[in-house]
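What follows is the residue order along each chain.
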Amino acid sequence: MLAFIVRRLLTIIPTLFLVATFVFVLVRLAPGGPFDTEREVPAEVKAALDAKFRLSDPISVQYKDWLVGAVTTGSLGPSMKYHNRTVEELIGMTLPVSMELGLWAMLVAVAIGAPLGVLGAVRQNTWKDSVAMAAAMLGISVPRFVLAPLLVLVFALKLYWLPVARWESWRHLVLPVICAALPMAAYIARLARAGMLEVIRSDFVRTARAKGLSERVIITRHALKGGMLPVVSFLGPGFAGLLVGSLVVEKIFDIPGMGRYLVESVLNKDYNLTAGIALVYGGLLMVSNAAVDVAYKFLDPRVELDR
Amino acid sequence: MLTRSPVGVKTTIPPFPEAPKGLESIAYDAANEKGTGENLQLFTGADKQVRAAEPGQALPSGDYDVVGARGAVSCNGEKTYYFEVVARDGSGRRGVLPGCMLGPSSTPPSALLVAKWDAVPTFDAKRRVDPPEDPQALGFVDAGALGSDPSVVGVRVVDERTLEIEAEFPTPYILDTLSHATSYPVRRDIIEPFEAKGEPDMWTRPESIVTNGPYEIDAWKFRYEIRMRRNPHHRHHDKLKIHNIVWMCVESYVSSMNLYKSGELDYIGDNGSLPPPYKPVLRERKDYKAAPYLGTYWYEFNTKVKPLDDVRVRKALNLALDKAQLTEKVTRGGERAATHVVPPFMGGGYSEHVEALKAKDADLFATPEYSFNPELARELLGQAGYKVVLDPKDGYRAEGMPAIELLYNTSEGHRALAVAIQAMWKNHLGVAVQLRNEEWHVMLKNVRDRNFQVVRFGWIADYDHPQTFMDTFMAKSPNNRTGWSSTAFESLIHKARRTADTTESMKLYREAEKILADEVPKLPLYFYAKSTLVKPHVKGFFFNRRNEQLVHWMWIDEDWKVEKPNEPAFPPETFPAPGAF
Amino acid sequence: MTHLLEVKGLKTHFFTEEGVVRAVDGVSYHVSRGEVLGIVGESGSGKSVSSLSTMRLIPEPPGRIVAGEILFSSKGGPPKDLVRASEREMQSIRGDRIAMIFQDPMTSLNPYLRISRQLTEVLELHKNMKGSEARARGIEMLTSVGIPDPSRRFDDYPHQLSGGMRQRVMIAMALLCDPELLIADEPTTALDVTIQAQILELIAERRDLSKVGVVLITHDLGVVARLADRVAVMYAGRIVEQGPAQRIFEDPRHPYTVGLARSIPRLDDDRSRRLVPIQGMPPSLSKLPSGCPFRPRCKNALPACAESFPAERVVARGDETRADASRDPAIGVGDHVVFCHEEDKDKVQAS
């Protein structure tokens, strides 16, 4: 198992390398540069800036230096927009915030979505199922930028239960976490329902019924593991999606997370930051997918990891 | 020719925390300027220590006294001096140090400090080349003169607390330019160690930065908040009623309004406006503050491409726009329709001049010839060869007129305005307009490459004087992307800025503006306005046209609900106006 | 005499959007202790649904038992109608008194749980056994169904076993609580021929040892011939012919039974005999033709066949039909009945 995890993580490295290469080159090919401003700066100033950030070197040289720096010292270079900050510093400040938001949101999404989906499957075609699935449909179709202002309006500005924005105490967590979690919870509910329905209709659940087991035991012991597999395999990309989607939530709730740099760094032509962010998101996506693979092993004994 | 400016500027540079010993023993020996410097091997790299002062001899670290100063050498690419030092420990060790290596007490040799102004050369008129007649000056010091010989800068340190600036000609707005961020005093001794390390930007980090304002940084969570406290060294330290300030860095307007609404913000801040959709509602509120802002929103024409190379076409496009409609229906934030370039509330005597003109009903730019005038616009377009015919079904159609492309950077506000203008040009002139929106940096590149026809830009005043706008129309200005130039305009500007008499000067500026209004290289749309929300318990908030709200003028009134009939309009303590001390 | 299980007039319908599917539409049969009743029919004939109805495992909705009685006499007690039993009562009967074996051992065992868990949970539930006791009983059961090295296999996952082994595990699981009735729904269909024989052997052995009554559901007449004491032939939700196995094979009366018998190879056949498939397709259960459902495929169809489902006609009385004198006198005893208008025609002609 440990060998598998190590091997799985090692396969990430070449992919990550490719991602980094692509992003590094692509951002530089896009028109415009990091030091363009509305007010033209003198050519000497521009040249000095280009020299400072090595932009006058050929891309291959820039790339080699960047890669050597990243591998040997873990340095991703200075931000080209925030000259007094390094990329690793910016990521180090914001990634934990996004991760905290993302992990809580995922936890809440699973805690809400999975039981709802199971309920829908167990009480298939009853009013409970209909209500649960209607709620899920609503959750999927209502985008976060609509949901968030509604939540703020009701819970912060009308009821005064929770703060409107910022990132201070656990109370500041509630609304953004719910907002990030609900669409995902809705999706999980649908996945869980479909997965559970498939399992509930399966032969081995019929066997379990024929044994005289109660409905509760059948669901918890026999159906749940298999029924949750689609949910588990969704959690990997789902978590990455949550981090990317947190862009909206972070903006609306003014949370100092990494989401803002995702789009902003590209628009600012902050080459170093863009490459750093791509590395982090790519790495996170791949690690969470690897985590899903490992989780699969725990859930489904038929999965052979060490093939 | 240089003449002495009638405006004397005395600006205080804050003293260092403690005057270091040994400073008085440093003297610049002009007679010894040549010769000895050649012995030096100077190291200006990352290593803080001077590795070899004299050939083959390293200078050990420790405390030193300066015993003499020697002639000019080059260090970090600039001229500086080196100093003979002797160790304080009595060992008799001697060495030499270049001036650029001497820092404040933080780095060894700790006792030494060399203030930069010892090395600033005084202005020598003899070395000054005559100013070129070609009127292309951009600032108040000729750029050509600056480039050829940095020593001609008419800036002197008179004494430790006085900076003397000599201007080429009477420059009434010089005070205002000094209130711009670029001329704030900074600490050399803080900056230089970072420059030496090759990290010239790092001194601005909260752990390093030293500021001289009424408030200093307490804590800085990057792009989240800046906490400030009273600066104990500030001269008005004990008069500041607000002791701590939290500046929240809020990304979205809606969040900041929510924070304001929930009471977490007392003041929405001066960085940006309120979102236009909310303005009609917010405008009715007592805590809504709005004021004109020194800026002009305009479209720039590429005057080198057809059909925009024809002044009649440009003028027609200008006159076909009902700008009052744009500010009332689209921007909705108290902006004012612009028929000319300089905001009428501009300082430097401009606003007074405009008021006087208006009183005499002699404001040229209020006449129909320069205001919204679709008939005249159609006539001009016809003269340019694009006859405007009225089709009973489709409205106006400019025959033979190619479609115009309007470029703007991606933003909801710019788009709304562009769509409205597209409709106006279609309705009044029958000119088809294609909208093209590009992400900011892409747009800048295309504009630089002259790959545009009409592009959205604007200008925010750097200082409170018409000159800041006029500069952007000079042929050599990098901010003139239109390809348009006019010698008549430039000589008017050249004359105007050298004219000491304000009324005369403003008259010339207005004449120059008329050229702009006649030739329309840029199409002014509106004069900016800024708006914000301030809680009623925040007192001492005064809007100004620079939109610089100084916290040290403000205070919090705990029982603000109680009517105070005798409350002064200004804070009880009078603080100096910005820019003056 | 009370039978172990007696099904009377059972109707199980499915109420779907396409209409009512009459999967079981008036079926009656009975099983005694130690007796094997073979229910034969094509897929879709309702044989599985009838057995699932007995266990009350019809998915509800859309399925529902709309009529009939399922009388089950546990331990010689008074018959209990399972149609009216509560879910709680059913749970105590399922797996304990009535056990079931399913067709596909590949999918009928839970792939996510160890065999040990799947066996011991039955004992925990019905026999109140715990830990090592349940474990010992489980391993014992695996031994008795012929699983080699049972104590090691016990903690395997299903996917680690072969198909035949898995079906043995299924049987062991079914027999753990000494059920009185075993419903085997196509227990050998998914297995290859040699394994089939072993599994049938095993069921026969259990029948003889513990006198368990068996309902053996299959489409394979060969399987029935091997094991069944009596046979019921189902077509389109109805029993069309029923009787002692020997009689059904020797003297099939219903054209469908005749067709079935002709369509399967027999070991004692000479090679020249050709297999004759039954023409046509089984009808859709939601759109049954009027009268006899076999009519569209029947070569001997009469006008009467289109009017009504034929009434029961007794071909031979139960007393005359004892299958095997060496066994319990009650076993294999039952009337040979057939539901066919042609029989009535014979009757008319005879009289």
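Since we're looking at a predicted model, the values are computed, not measured. (Residues numbered from 1 in each chain as written. Chains lettered and ligands numbered in written order. Predicted model: local features only at pLDDT ≥ 70, side-chain atom pairs only at ≥ 80, totals over all residues. Heavy atoms only, no water.)

As a further point, take the overall build of chain B. When its secondary structure is counted, chain B shows 14 helices and 18 strands. A burial count over chain B gives 48% of its 581 residues as buried. Put simply, of all contacts in chain B between residues at least 6 apart along the chain, 65% involve residues at least 24 apart. For chain B, the accessible surface area stands at approximately 28,500 Å², while carbon and sulfur atoms represent 53% of it. (Helix = DSSP H or I, 4+ residues; strand = E, 2+ residues; numbered from the N terminus. Buried < 20%, exposed > 50% of the residue type's maximum accessible area, 1.4 Å probe, protein only. Contact = heavy atoms within 4.5 Å. Areas by Shrake-Rupley, 256 points an atom, 1.4 Å probe, with all protein chains shown as cover.)

Scanning the model with the defined rule gives 62 salt bridges over all chains in all. R206(A) serves as the salt-bridge partner of D203(A), at 3.7 Å between the closest nitrogen and oxygen. On the criterion of helical spacing, the pair formed by D203(A) and R206(A) is a turn pair, its members being three residues apart in helix α8 (residues 203-210). Two residues, K127(C) and D96(C), come together in a salt bridge whose shortest N-O distance is 3.0 Å. (Salt bridge = Lys/Arg side-chain N within 4 Å of Asp/Glu carboxyl O.)

Time to look at the interface of chain C and chain A. Facing the 27 residues of chain C at the interface are 21 residues of chain A. The junction of chain C with chain A conceals about 2,100 Å² of combined surface from both sides, 60% of it contributed by carbon and sulfur atoms. It is F102(C), Y112(C) and E121(C) in chain C that bury the most area against chain A; as a group they hold 31% of the surface buried on that side. For the pair chain C and chain A, the interface holds two salt bridges. When contributions to the side of chain C that touches chain A are tallied by element, the ones reaching two or more residues are α1 (47-55), β6 (98-101), α3 (105-108), α4 (115-126) and α7 (163-175) of chain C. When residues of the side of chain C that touches chain A are assigned to their parent elements, the largest contribution, six residues, is made by α4(C). Residues belonging to the side of chain C that touches chain A are distributed by class as follows: 15 nonpolar, eight polar and four charged. (Buried area = accessible area lost by both parts, 1.4 Å probe. Nonpolar A, V, L, I, M, F, W, Y, C, P; charged D, E, K, R; others polar.)

Counting from both sides, the interface comprises 37 residues of chain B and, opposite them, 37 residues of chain A. With both sides pooled, the region where chain B packs onto chain A buries about 3,400 Å², and carbon together with sulfur makes up 50% of that total. Among the residues chain B hides against chain A, the three largest losses belong to F222(B), Y224(B) and H441(B). Together they make up 23% of the total. Linking chain B with chain A are six salt bridges, by the criterion used here. Among the salt bridges present, the one from K269(A) reaches E439(B), with a minimum N-O distance of 3.5 Å. At the boundary of chain B and chain A, one finds 16 residue pairs in polar contact (both at pLDDT 80 or more). Only α4 (253-261), α11 (440-448) and β15 (454-460) of chain B provide two or more residues apiece to the side of chain B that touches chain A. Broken down by element, the side of chain B that touches chain A gets its largest block of residues, six residues, from α11(B). Class assignment of the residues belonging to the side of chain B that touches chain A gives a composition of 17 nonpolar, eight polar and 12 charged. (Polar contact = N/O pair within 3.5 Å; in protein donor to acceptor, adjacent residues only side chain to side chain.)

What follows deals with the layout of surface pockets. Space inside the second largest pocket adds up to approximately 1,000 Å³. In terms of lining residues, the second largest pocket is bounded by 31 residues, among which R209(A), I58(C), P59(C), E60(C) and P61(C) are the most central. Elements that contribute at least two residues to the lining of the second largest pocket include exactly α4 (87-122), α7 (170-200), α8 and α9 (215-227) of chain A together with α1 and α2 (87-93) of chain C. Along the lines of polarity and charge, the residues of the lining of the second largest pocket split into 16 nonpolar, five polar and 10 charged. (1 Å grid on protein atoms, 1.4 Å probe; cavity = no way out; pocket = protein on both sides within 12 Å on 5 of 7 lines; lining within 4 Å. Points joined across faces, edges and corners; volume = space filled by probe spheres on them.)

A word on the sheet that holds strand β12 (residues 336-339) of chain C. Residue and element names in this part refer to chain C. With mixed pairing, the eight strands of this open sheet are ordered in space as β6-β7-β8-β3-β9-β10-β12-β11. A strand with exactly one partner marks an edge of an open sheet, and here the two such strands are β6 and β11 (312-316). Neighbour-to-neighbour, the strand axes of this sheet turn through a mean angle of 20°, independent of strand direction. Summarising the sheet, β11 and β12 pair through four bridges and their orientation is antiparallel. In the sheet register, R313 faces β12, and the bridge partner there is V338. α7 contacts β6 and β7 (181-185) of the sheet and is inclined by roughly 175° relative to β6. (Pairing = 2+ DSSP bridges. Axes fitted to C-alpha atoms, helices over the stretch in contact; angles between N-to-C directions.)

The terminal C-alpha atoms of helix α6 (residues 144-158) of chain A lie 20 Å apart, and with 15 residues this matches the ideal 21 Å at 1.5 Å per residue to within 8%. The largest bend along α6(A) measures about 30° and falls at V152(A). Among the residues of α6(A), those classed as buried are R144(A), L147(A), A148(A), L151(A), V152(A), A156(A) and L157(A). The elements touched by buried residues of α6(A) are α7 and α10 (229-252) of chain A together with α4 of chain B. Once α6(A) finishes, Y160(A) follows within two positions and takes phi at roughly 60°, a positive value. (Expected span 1.5 Å × (residues − 1). Bend = angle between axes of the 7 residues up to and from the residue.)

For the rest of this paragraph, the subject is the sheet that holds strand β6 (residues 215-221) of chain B. All names here are of chain B. The three strands are arranged β6-β7-β8 in an open sheet whose pairing can be described as antiparallel. Looking along the sheet, the strands with just one partner apiece sit at the ends: β6 and β8 (244-248). This sheet shows a mean twist of 20° between the axes of neighbouring strands, independent of strand direction. Note: strand β7 (residues 225-230) against β8, five bridges, orientation antiparallel. Residue M228 lies in a different strand from β8, and its bridge partner there is I245.

Another aspect to go through is unusual backbone geometry. The bulk of non-glycine residues show a negative phi, and the bulk of peptide bonds are trans. Here the residue pair K306(B) and P307(B) is connected by a cis peptide bond, since its omega of -5° sits within 30 degrees of zero. Relative to the elements of secondary structure, P307(B) occurs in the loop between β9 (288-301) and α6 (311-319). Within the chain, R56(C) stands out as a residue other than glycine whose phi angle is a positive 55°. Locating R56(C) in the fold gives a position in the loop between α1 and β4 (63-72). Here D178(C), not a glycine, exhibits a phi torsion of approximately 50°, which is positive. Along the chain, D178(C) turns up in the loop between α7 and β7. Overall, the relative accessible area of 45% leaves D178(C) in the partly exposed class.

Moving on: the nonpolar core. One finds L5(C) and L181(C) to be the most contacted residues of the largest nonpolar core, which totals 97 residues. In terms of residue count, α7(C) provides more of this core than any other element does, seven residues in total. Beyond its immediate sequence surroundings of up to four residues, L5(C) is in contact with Y29(C), H30(C), V31(C), T54(C), I70(C), L71(C), F72(C), L181(C) and V215(C). Formed by 94 residues, the second largest nonpolar core is a distinct cluster that contains A208(A), V217(A), L243(A) and L273(A). (Core = buried A, V, L, I, M, F, W, Y, C linked by side-chain atoms within 4.5 Å.)

By the definition in use, this model includes five cavities of 30 Å³ or more. One number sums up the size of the second largest cavity: a volume of about 80 Å³. Of all the secondary structure elements, the ones that give two or more residues to the lining of the second largest cavity are α8 of chain A together with β6 and α7 of chain C. If one sorts the elements of the lining of the second largest cavity by residue count, α7(C) sits on top with three residues.

Bringing the confidence of the model for chain B into the picture now. A low pLDDT score tells you not to read the predicted coordinates there in detail. Residue and element names in this part refer to chain B. For chain B, per-residue confidence averages 73 on the pLDDT scale, and residues scoring 70 or more make up 68% of the total. Between residues 100-150, whose pLDDT stays under 50, and residues either more than four places distant or in other chains, the model counts 99 contacts. Note on residues 570-581: pLDDT is under 50 here. Beyond four places in sequence and across chains, it has 23 contacts. (pLDDT = per-residue confidence, 0-100.)

Before going further, it helps to examine the environment of Y509(B). Residue and element names in this part refer to chain B. Relative to the helices and strands, Y509 is located in helix α14 (residues 502-519). A relative accessible area of 0% means that Y509 is categorised as buried. The sequence separation of Y509 and P466 amounts to 43 residues, and the corresponding C-alpha distance is 7.4 Å. Ignoring sequence-local partners within four residues, the contact set of Y509 consists of H465, P466, Q467, M470, I493, A496 and R497.

This part is about the pairing of β9(B). Consecutive side chains of a regular strand alternate in pointing toward one face of the sheet and then the other. All names here are of chain B. Across the 14 residues that make up β9, a large majority, 11, are buried. Sheet topology places β9 next to strand β16 (residues 522-533); 10 bridges connect them, and they run antiparallel. For P292, the partnering residue across the bridge sits in β16 and is A529. Where β9 lies against β15, seven bridges are found, and the strand directions are antiparallel. Within the sheet, the bridge partner assigned to F301 lies in β15 and is V454.

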